[in-house]
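# Structural features, examined
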Amino acid sequence: MDEFTPEELEQARILFARPATFVMGCAKIEQLPDPDLPEIAFAGRSNVGKSSLINGLVGMHKLARASNEPGRTREVNFFDLDGKMRLVDLPGYGWAKASKSTVRKFQDLGRDYLRGRVTLKRVYLLIDARHGLKKVDDEALDALDLAAVSYQIVLTKADKLKKGEAEKVQAATLKAIAKRPAAYPAVIVTSAEKGHGLPELRAEIMRTTGVVL
């Protein structure tokens with residue numbers, strides 16, 4: 001994983017402690033807000049902990065709404081971080097309850113966003129540390145490579161693993177993406193519940209977007 005100085009970690013902490021607000025949810029590509037701020041997006045399987053991670057990054061419990069019903073996020077949701085950048089929550093994938101036509105509709109919306117968003121700096125693809133990369137993730141990896149959007153894998157729920165297991169999953173994940181053209185060659189291990197890895201992820205986002213205080 002990338003190394004950060006204490007100053008970078010502190011600057012990132014201050015940035016993410018600033019006010020964060022929900023801007024809008026978009027069901028159509030025409031509804032997207034103007035591309036006037038740097039954006040980073042979060043993608044991942046349903047129930048991977050996207051809402052919890054976003055809430056953990058900004059230190060708020062209810063900014064992004066977590067749901068007990070997987071696949072609830074069916075829009076592209078935008079959150080503003082103090083007018084400095086936007087955090088974007090992309091529709092989840094890999095659930096069985098929605099109809100195929102519905103699934104295709106909001107997966108296509110996600111793809112359209114990835115392809116055409118000039119202010120998108122990076123996508124953080126969330127993977128449950130307990131399961132690692134699965135076949136269902138291949139389509140998302142392929143779509144990101146095809147869109148030529150820089151993406152980085154973030155392992156979630158690492159607190160659920162036994163000691164030493166997270167490092168093994170991290171190494172295996174890094175090896176699995178080694179030949180993927182758009183994959184950033186570092187994997188961040190996190191636990192939104194315990195706060196593990198969040199300071200480093202904040203610093204990574206700050207460095208990636210080029211936001212300065």
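Heads up: the structure comes first, above all this text.
Heads up: these notes are all about the structure in this document. (Residues numbered from 1 in each chain as written. Predicted model: local features only at pLDDT ≥ 70, side-chain atom pairs only at ≥ 80, totals over all residues. Heavy atoms only, no water.)

Further remarks concern the overall build of the chain. In terms of regular secondary structure, the chain is built from six helices and seven strands. Along the chain, helices (α) and strands (β) appear in the sequence α-β-β-α-β-β-α-β-α-β-α-β-α when read from the amino end. Classification of the 213 residues of the chain by burial places 50% in the buried group. Once local pairs closer than 6 in sequence are excluded, the contacts in the chain between residues at least 24 apart make up 75%. Here the chain displays about 10,900 Å² of accessible surface, and carbon together with sulfur accounts for 51% of that area. (Helix = DSSP H or I, 4+ residues; strand = E, 2+ residues; numbered from the N terminus. Buried < 20%, exposed > 50% of the residue type's maximum accessible area, 1.4 Å probe, protein only. Contact = heavy atoms within 4.5 Å. Areas by Shrake-Rupley, 256 points an atom, 1.4 Å probe, with all protein chains shown as cover.)

Looking now at the pattern of salt bridges. With the rule as written, the count across this model stands at 16 salt bridges. Measuring nitrogen to oxygen at the nearest pair gives 3.1 Å for the salt bridge that ties D82 to R18. Placement of the pair is D82 in the loop between β3 (76-81) and β4 (85-89) and R18 in the loop between α1 (6-16) and β1 (20-26), with a sequence separation of 64 residues. Between K160 and E193 there is a salt bridge whose closest N-O contact spans 3.5 Å. Of this pair, K160 sits in the loop between β6 (151-156) and α5 (165-176) while E193 sits in the loop between β7 (188-189) and α6 (198-209), and the two are 33 residues apart along the sequence. Judged by its relative accessible area of 45%, K160 is partly exposed. One connected set of salt bridges, linked through shared partners, spans D36, E39, R86 and R117. (Salt bridge = Lys/Arg side-chain N within 4 Å of Asp/Glu carboxyl O.)

Moving on, we get to the side chain of D145. Relative to the helices and strands, D145 is located in helix α4 (residues 135-147). Judged by its relative accessible area of 15%, D145 is buried. A distance of 3.1 Å separates the side chain of D145 from the side chain of Y151, its partner in a polar contact. Apart from the residues within four sequence positions on either side, D145 is in contact with Y151, R180, P181, A182 and A183. (Polar contact = N/O pair within 3.5 Å; in protein donor to acceptor, adjacent residues only side chain to side chain.)

A few words now on the side chain of T119. Tracing the chain through its elements places T119 in the loop between α3 (100-116) and β5 (120-128). Here T119 is in contact with P35, D36, L37, P38 and E39, once residues within four sequence places are set aside.

On to α4, then. The first and last C-alpha atoms of α4 sit 19 Å apart over 13 residues, in line with the 18 Å expected at 1.5 Å per residue. Residues D137, A140, L141, A143, L144, D145 and A147 constitute the buried set of α4. Looking at the residues trailing α4, positive phi occurs at A148, about 55°. (Expected span 1.5 Å × (residues − 1).)

If you trace the seven strands from one edge of the open sheet to the other, you get β1-β3-β4-β2-β5-β6-β7, paired in mixed fashion. Two strands in the sheet have a free side with no partner beyond their single neighbour: β1 and β7. Bridging between strand β2 (residues 39-44) and β4 involves four bridges; their strand directions are parallel. Residue pairing for β4: E39 is matched across the bridge by R86. Strands β5 and β6 of the sheet are contacted by α4, whose axis makes an angle of about 170° with β5. The strands that α6 touches are β2, β4, β5, β6 and β7; relative to β5, the one it contacts most, it runs at about 155°. (Pairing = 2+ DSSP bridges. Axes fitted to C-alpha atoms, helices over the stretch in contact; angles between N-to-C directions.)

This paragraph deals with unusual backbone geometry. Notably, N47 is not glycine yet its phi reads approximately 70°, a positive angle. Along the chain, N47 turns up in the loop between β2 and α2 (50-58). Of note in the backbone geometry, D82 takes a positive phi value of approximately 50° without being a glycine. For D82, a relative accessible area of 31% gives the class partly exposed.

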